[in-house]
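Spelled out from the first residue to the last, the chains are:
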Amino acid sequence: MLVETSAHASDNPTRSRVSGGRVHNDAPDIGSDFVRLAALPDGPEREAIRDELTKAWLPMAHRIAGRFRNRGESLEDLRQVAALGLVKAIDRYEPGRGAFESYAVPTITGEIKRHFRDRMWALRVPRRVQDLRNKVRVARRDLTTSDGSNPSVAQIAAHTGLTEDEVNTGLEALDSFSTLSLDAEMSSSEDGFSLADTIGGCDEAYDVVVDREAAKEGLRRLPERERTILYLRFFEDMTQSRIADELGISQMHVSRLISRCCARVRDEVLGAGCDDHPQKG
């Protein structure tokens, strides 16, 4: 049975089919093998016929893959995806529902398009945005004039039936299919810089501003002497000994007041609600 199948495939390698006005020699006339495949249970004989069908129809899968070349994916990878689509088509095909080619072509094409949709985007984007990108890409190609001038947003919107906002979203997605390395050179001069050099860093001063604003209200509620002590210590940079001499109290008392005031303000900022701290001294 296996020998007969192999001989049958070799005796009928391919036959010419006309599709879209072009002749293709990659659609073998081995429909009877599909009937046999559908009738066989899982096992070595079925696997052998399945393999023969895959080999026979593989040139068609490669032809379909070739339609998608020069879109950011290698032809070899596209052929692998097309082969996977071919295997799925063979497994799902029902011989009584028309020619295999009519079923296999959209199945393989869909598998390749799904590969681009799910694997080729550097960032995951919603399906709706991907669809807008495809519509805008096709419309821009159709509307591009002979001198290379690109159509306007309004022209694309009129051609596709989309709104101008949707067209703008599609145009943005066209430029977002792949990402640019942070090490990419942005200038060709000797003192050129990379993309990473143009990205701002975190400014630590922002945290200082936030902390100061958060502490302001708590500082206002402190008694005047405590506010004076904190001002002299943290804004005038005076030592505790000098502050003690200035106010006529001991250095130990100054230290306790500073610790108590800082703890009170910190607790209020953090939401502890410690408004009932005793004020001694």
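Before going into details, it helps to say that this report is about the structure given with it. Remember, predicted model here, so these are calculated numbers, not experimental data.

1. Looking at the packing of helix H6 (residues 127-143) against helix H8 (residues 164-174)
Two packed helices can be described by the angle between their axes and the distance between those axes. In the contact formed by H6 and H8, the axes pass within 8 Å of each other and the chain directions differ by 90°. One element, H6, and the other, H8, form an angle in the roughly perpendicular class. Facing Val 129, Leu 132, Arg 133, Val 136, Arg 137 and Arg 140 of H6, the residues of H8 in contact are Glu 166, Val 167, Thr 169, Gly 170, Leu 171, Ala 173 and Leu 174. Of the residues belonging to the contact of H6 with H8, the class tally is 7 nonpolar, 2 polar and 4 charged.

2. Comments concerning a negative patch on the surface
On the surface, a cluster of negative charge is contributed by Asp 203, Glu 204, Asp 207 and Asp 211. Structurally, Asp 211 can be placed in helix H9 (residues 204-220).

3. Brief notes about a nonpolar patch on the surface
On the surface, Tyr 231, Phe 234 and Phe 235 cluster together to form a nonpolar patch covering roughly 380 Å² of accessible area. Relative to the helices and strands, Phe 234 resides in helix H10 (residues 224-234).

4. Let's talk about the pattern of salt bridges
Applying the stated criterion across every chain yields a total of 14 salt bridges. A salt bridge links Asp 91 to Arg 50; its shortest N-O distance comes to 2.7 Å. Here Asp 91 is found in helix H4 (residues 75-92), whereas its partner Arg 50 is found in helix H3 (residues 44-66), with 41 residues between them in sequence. The partner of Arg 233 in a salt bridge is Asp 237, and the shortest N-O contact between them spans 3.8 Å. For Asp 237, a relative accessible area of 62% corresponds to the exposed category. Here the residues in one salt-bridge network are Glu 217, Arg 220, Arg 221, Arg 264 and Glu 268, joined through shared partners.

5. Quick word on unusual backbone geometry
Residues other than glycine seldom take positive phi values, yet Asp 237 does so here, at roughly 60°. Assignment of secondary structure puts Asp 237 in the loop between H10 and helix H11 (240-247).

6. Re the nonpolar core
The biggest cluster of nonpolar side chains holds 23 residues, and the ones touching the most others in it are Trp 57, Phe 100, Ile 108 and Ile 112. Of all the secondary structure elements, the ones that give two or more residues to this core are helix H2 (31-39), H3, H4 and helix H5 (100-119). With 8 residues, the single largest contributor to this core is H3. Sequence-distant contacts of Ile 108, that is, excluding residues within four places in its chain, are made with Met 60, Ala 61, Ile 64, Ala 82, Gly 85 and Leu 86.

Rules of the game
Residues numbered from 1 in each chain as written. Predicted model: local features only at pLDDT ≥ 70, side-chain atom pairs only at ≥ 80, totals over all residues. Heavy atoms only, no water. Axes fitted to C-alpha atoms, helices over the stretch in contact; angles between N-to-C directions. Helix = DSSP H or I, 4+ residues; strand = E, 2+ residues; numbered from the N terminus. Parallel < 35°, antiparallel > 145°, perpendicular 65-115°, else oblique. Contact = heavy atoms within 4.5 Å. Nonpolar A, V, L, I, M, F, W, Y, C, P; charged D, E, K, R; others polar. Patch = residues over 30% accessible without salt bridge, like charges linked within 9 Å, V, L, I, M, F, W, Y side chains within 5 Å. Areas by Shrake-Rupley, 256 points an atom, 1.4 Å probe, with all protein chains shown as cover. Salt bridge = Lys/Arg side-chain N within 4 Å of Asp/Glu carboxyl O. Lys, Arg positive; Asp, Glu negative; His and termini not counted. Charge placed at Lys NZ, Arg CZ, Asp CG, Glu CD. Buried < 20%, exposed > 50% of the residue type's maximum accessible area, 1.4 Å probe, protein only. Core = buried A, V, L, I, M, F, W, Y, C linked by side-chain atoms within 4.5 Å.

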